[in-house]
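# A structural walkthrough
The primary structure of each chain is shown beneath.
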Amino acid sequence: MRAFMTKAFSRFAKRERLPAEALCEAMRRASRGLVDADLGGGVIKQRIARENAGRSGGYRSIILFREGSCCFFVYGYAKSGRANIRKDELRAFRLLARRMLELNGAALEALIGNGTITEVHCDAQTIRERRPGRHS
């Protein structure tokens, strides 16, 4: 399964120093059907643990998700900083999911190339982002 981050989520992950394994674990749980909240229309909410802490008091991530295909980390927030997303935000995420989850390989490569999204490659230590001009 391929995973991507939007530019905004990438900034959030770096600012909060989210370890790669935490994002990869959220994706793996969703792939196994362990979704914290299915918000409909290809939008899910997954908990992400804080480093050296559990998931319940950690972060929440909004992920555009299609089983067996790909996922896009699009929004993240600390549970302590926000209770939930608003209805208008959910509508926007569902609209975005309809568009993003239908993209083919060429369209994904174009978005990677222009810096709109970065592909996340999971390993035990880091989140490696494929940026324009760099191939992993």
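See the structure above.
Notes on the structure follow. Small disclaimer: the values here were computed from a predicted structure and weren't measured.

### Here's the deal with the overall build of the protein chain
Along the backbone of the protein chain there are four helices and seven strands. Reading the helices (α) and strands (β) of the protein chain from amino to carboxyl end gives β-α-α-β-β-β-β-α-α-β-β. Scored against the burial criterion, the 136 residues of the protein chain give a buried share of 43%. Entry remark: accessible area of the protein chain is about 7500 Å², with carbon and sulfur atoms responsible for 49%.

### Describing the pairing of strand 5 (residues 70–78)
The element strand 5 is largely enclosed, with a buried count of eight among its nine residues. Here strand 1 (residues 2–6) pairs with strand 5 via four bridges, running parallel. Bridge pairing links Phe-4 to Phe-72 in strand 5. Across eight bridges, the pairing between strand 4 (residues 59–66) and strand 5 is antiparallel. Residue pairing for strand 5: Phe-65 is matched across the bridge by Cys-71. What sits between the antiparallel neighbours strand 4 and strand 5 is a turn of three residues, in which Gly-68 has the positive phi angle 75 degrees.

### Focus on the packing of aromatic side chains
Applying the stated rule across the entire model yields six aromatic pairs. Their ring planes at 20 degrees and their centres at 5.1 Å tell us that Phe-4 and Phe-72 sit as a pair that is stacked. Linking Phe-4 in strand 1 with Phe-72 in strand 5, this pair joins segments that are 68 residues apart in sequence. The pair formed by Phe-4 and Phe-72 is uniform in burial state, with each residue classed as buried. Between Tyr-75 and Phe-93, the aromatic rings sit 6.0 Å apart at their centres with planes inclined by 40 degrees, giving tilted as the arrangement. Placement of the pair is Tyr-75 in strand 5 and Phe-93 in helix 3 (residues 87–100), with a sequence separation of 18 residues. Since its relative accessible area comes to 25%, Tyr-75 is described here as partly exposed. Taken together, the ring pairs in this structure connect Phe-9, Phe-12, Tyr-59 and Phe-73 into an aromatic cluster.

The rules behind the values
- Residues numbered from 1 in each chain as written.
- Predicted model: local features only at pLDDT ≥ 70, side-chain atom pairs only at ≥ 80, totals over all residues.
- Heavy atoms only, no water.
- Helix = DSSP H or I, 4+ residues; strand = E, 2+ residues; numbered from the N terminus.
- Buried < 20%, exposed > 50% of the residue type's maximum accessible area, 1.4 Å probe, protein only.
- Areas by Shrake-Rupley, 256 points an atom, 1.4 Å probe, with all protein chains shown as cover.
- Pairing = 2+ DSSP bridges.
- Phe/Tyr/Trp six-rings, centres within 6.5 Å; stacked < 30°, edge-to-face > 60°.

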